[in-house]
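Residue-level structure breakdown
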Amino acid sequence: MIDESIICAISTAPGTGAIAIIRLSGKGCIDLADALFVSPSGKKLRASASHTVHFGSIYEDQQLIDEVLITLFRAPHSFTGEDSVEISCHGSTYIQQRLLQLLINTGARLALPGEFTQRAFLNGKMDLSQAEAVADLIVSSSAASHKMAMTQMKGGFSGELIKLRTALLHITSLLELELDFSEEDVEFADRTELRRIASNIETLLNRLCRSFSLGNVIKNGVPVAIVGNTNVGKSTLLNALLREDKAIVSDIAGTTRDAIEDTINLNGVLFRFIDTAGIRKTEDTVENIGIERTFAKIAQASVVLLLTDLSRGTDTFENYYRQVKEHLSPEARLLIILNKTDQVKDPLTTLETIKLCTCGEKLIAISAKTGQNLELLIDELLSTVNLNNLNSGDVIVSNIRHYEALSHALTAIQRVISGLDSPISGEFISQDIRECLHYLGEITGEITTDEVLGNIFKNFCIGK
Ligand SMILES: Nc1nc2c(ncn2[C@@H]2O[C@H](COP(=O)(O)OP(=O)(O)OP(=O)(O)O)[C@@H](O)[C@H]2O)c(=O)[nH]1
Ligand SMILES: [Mg+2]
């Protein structure tokens, strides 16, 4: 049963703005608004067409609260699929609260987080993955995450899922044909065709699963760990990259003891820079815990910046290089940063020495303090991620819930394939196909529980 009660919420950001929008949705909400609204022409909202805007005043006990614009949407042509009204009022928090109170006193109730979007889903205006993309779109903070959320909201991902579903249903029908003839002792139907379709499905599922690491990075920021010996300028570099004094800088070795991180949007890509505790041998328990965390951050990073201090020589460099390489994830990129160029006359000798003990990693000489060559480093970071290859139509999975369902579907289709390769009865294979369909249905919301829905929509803001 779909709850059709009238819900209301302030849909604009909290606080004072030039204007604010209060949203109403549910059966009878147009009549509810009509009872409070006075148009200069005397025209009633209930007599007006969908997608029209009306100027007028809202009164409470003959007292004017505000002059407003009301936008009208009639079911099913609204975001929620129900009759909906949007009241644009002046942005004072007092006016917003008075109007909201008035709507509640006259029969509406305050919407739950994401309830408008949840109704859109329940009324079939979008599937669950599209509803989730609405939340991603609202919080998108870079060109790449915006593009990804927009593709998903416009149904790019849903389209891929429909393709998969159709192919799976096709296999089922072919298998049923096989079962129909099994009594007549006909040899198994031609399984080459089945095998071909199944392996296409596997390829597609594989691609979607693999896209998750990129999707995750786009959504949460490319993790870049800044590591090295103490006092080489890691915190100074973090501050320079973030353009703010985030971490404490001092000439005392061992200043940073815990990982400090923050994100910044550089040329449309969100980066998550992580400053770490300098790696060294120490008796300090707290510092040692910090150093353990440094190694964990290296393992999680997409890019590691190994910093070394040009003014201190290269004796210990090889040791650091080896330790970092040991913890680096296989897909990660390592950049060697020679810091404090402002303190040395000729960095070339150091450069050459370091080159000898590395495996062809890129070397960049900078001064974190003066900002010299920082642009070079940023360019290198951008090229590492290279999101330019991202076409607007590319479907990238960025949601862990989707990723998990896709992984399960992938395992199921792999069982289908091995079943097809062996003389297993079609009935067993059908069961794995049904399982695969089940997981795809979980993503789109065809198969769902109140608990799953509750978990998804509770993370939305009220008013969306
Ligand atoms: N001349 C010069 N000094 C720098 C540069 N970068 C950092 N420093 C100085 O080096 C000292 C250490 O800098 P931090 O940024 O605290 O070094 P760190 O690597 O974070 O040190 P720990 O947190 O102790 O591991 C400070 O006195 C900085 O001002 C640089 O490019 N040039
Ligand atoms: Mg530091």
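In this text the structure is predicted, and so the values were computed from the model without any measurement. (Residues numbered from 1 in each chain as written. Chains lettered and ligands numbered in written order. Predicted model: local features only at pLDDT ≥ 70, side-chain atom pairs only at ≥ 80, totals over all residues. Heavy atoms only, no water.)

Observations regarding the overall build of the protein chain
What counts, and what does not: Each helix corresponds to a stretch of at least 4 residues labelled H or I by DSSP, and each strand to a stretch of at least 2 residues labelled E; elements are numbered beginning at the N terminus. Buried, partly exposed and exposed residues are distinguished by accessible area as a fraction of the type maximum, computed with a 1.4 Å probe on protein chains only: under 20%, between the cut-offs, and over 50%, respectively. Whether two residues touch is decided by their heavy atoms; if any such pair falls within 4.5 Å, the residues are in contact. Surface accessibility follows the Shrake-Rupley procedure with a 1.4 Å probe radius. Residue values consider only the protein chains on display as shielding. When charges are counted, neither His nor the chain ends are considered; positive counts come from Lys and Arg and negative counts from Asp and Glu. Charge coordinates come from a single atom per side chain, which is NZ of Lys, CZ of Arg, CG of Asp or CD of Glu.
Check the secondary structure of the protein chain and you find 15 helices and 13 strands. With the C-alpha coordinates of the protein chain rotated into their principal frame, the extents come out at 85 × 85 × 40 Å. Within the protein chain, the fraction of its 464 residues that count as buried is 48%. Nonlocal contacts in the protein chain, meaning residues at least 24 apart in sequence, comprise 68% of its contacts between residues at least 6 apart. Carbon together with sulfur atoms contributes 53% to the accessible area of the protein chain, which is approximately 22800 Å² in total. Taking the average location of the 43 positive side-chain charges in the protein chain and that of its 59 negative ones, the two points are 6 Å from each other.

A look at the domain arrangement of the protein chain
Heads up, the condition is: Domain delimitation follows an automatic or database domain assignment.
As assigned here, the protein chain comprises domain 1 (7-125), domain 2 (137-215 + 399-445) and domain 3 (221-389). The C-alpha centroid of domain 3 is placed 52 Å from the C-alpha centroid of domain 1.

Remarks on the nonpolar core
Most often, soluble globular proteins keep nonpolar side chains buried together rather than apart. To be explicit about the condition: Among the buried residues, those of types Ala, Val, Leu, Ile, Met, Phe, Trp, Tyr and Cys that are joined through side-chain atoms within 4.5 Å form a nonpolar core.
Judged by nonpolar contacts, the single largest core of 34 residues is most densely connected at Ile201, Leu205, Leu406 and Ile413. Among the elements of the structure, α6 (156-182), α7 (191-220), α13 (400-421) and α14 (426-444) are those that each provide at least two residues to this core. What Leu406 contacts, discounting residues up to four positions off in sequence, is Phe157, Leu161, Leu205, Leu208, Cys209, Val397, Leu440 and Ile443. Membership of the second largest hydrophobic core comes to 29 residues, among which are Val224, Leu305, Ile337 and Ala368.

Section: a nonpolar patch on the surface
We apply this condition: Note that patches include only residues with greater than 30% relative accessible area and no salt bridge, and the join distances are 9 Å for like charges and 5 Å for nonpolar side chains (Val, Leu, Ile, Met, Phe, Trp, Tyr). Definition used for salt bridges: Asp or Glu carboxyl oxygen within 4 Å of a side-chain nitrogen of Lys or Arg.
A grouping of Val38, Tyr59 and Leu64 is seen on the molecular surface, where their side chains present a nonpolar patch of about 250 Å² in accessible area. Examined against the element boundaries, Tyr59 turns out to sit in strand β4 (residues 52-60).

Points about the packing of helix α4 (residues 128-139) against helix α5 (residues 143-153)
How we decide: To obtain an axis, a line is fitted to C-alpha atoms, over the contacting stretch when the element is a helix, and the angle between two such axes runs from 0 to 180 degrees between their N-to-C directions. Angular relationships are summarised with four words: roughly parallel below 35 degrees, roughly antiparallel beyond 145, roughly perpendicular across 65 to 115, and oblique for the angles in between. Note on convention: near helix rotated counterclockwise from far helix by under a right angle means a left-handed crossing. Clockwise means right-handed. Polarity classes work like this: nonpolar for Ala, Val, Leu, Ile, Met, Phe, Trp, Tyr, Cys and Pro, charged for Asp, Glu, Lys and Arg, and polar for all others, with Gly in that last group.
Remark: α4 packs on α5, axes separated minimally by 8 Å, with the N-to-C direction vectors making an angle of 155°. One element, α4, and the other, α5, form an angle in the roughly antiparallel class. Remark: the crossing between α4 and α5 carries left-handed chirality. For the pair α4 and α5, the contacting residues are Ser129, Gln130, Glu132, Ala133, Val134, Asp136 and Leu137 in the first and His146, Ala149, Met150, Gln152 and Met153 in the second. Classifying every residue of the contact of α4 with α5 gives six nonpolar, four polar and two charged.

Observations regarding the coordination of the magnesium ion (ligand 2)
To be explicit about the condition: We call an atom a donor if it is N, O or S and sits within 2.8 Å of the metal, or 3.2 Å for Na, K and Ca. Water is not counted, so some sites may look partial.
In this structure, Ser235 (OG) and Thr256 (OG1) serve as the protein donors to the magnesium ion (ligand 2), at separations of 2.0 Å. Of this pair, Ser235 sits in helix α8 (residues 234-242) while Thr256 is found in the loop between α8 and β9 (260-266), placing the two residues 21 residues apart along the sequence.

Thoughts on the site of ligand 1
Keep this limit in mind: If even one non-hydrogen atom of a residue comes within 4 Å of a molecule or strand, that residue is called near it. Whenever two N or O atoms come within 3.5 Å, that pair is a polar contact, provided that in protein one can donate a hydrogen and the other can accept it, and provided that, for residues adjacent in sequence, both atoms are side-chain atoms.
Residues in close proximity to ligand 1 total 23 residues, the closest being Thr236, Gly254, Thr255, Thr256 and Asp342. Here an oxygen atom of ligand 1 and a backbone polar atom of Val232 are 3.2 Å apart. In the complex, 92% of the free accessible area of ligand 1, which totals 660 Å², lies under the protein chains. No other element matches α8, which puts three residues into the shell around ligand 1. Split by residue class, the shell around ligand 1 holds five nonpolar, 13 polar and five charged.

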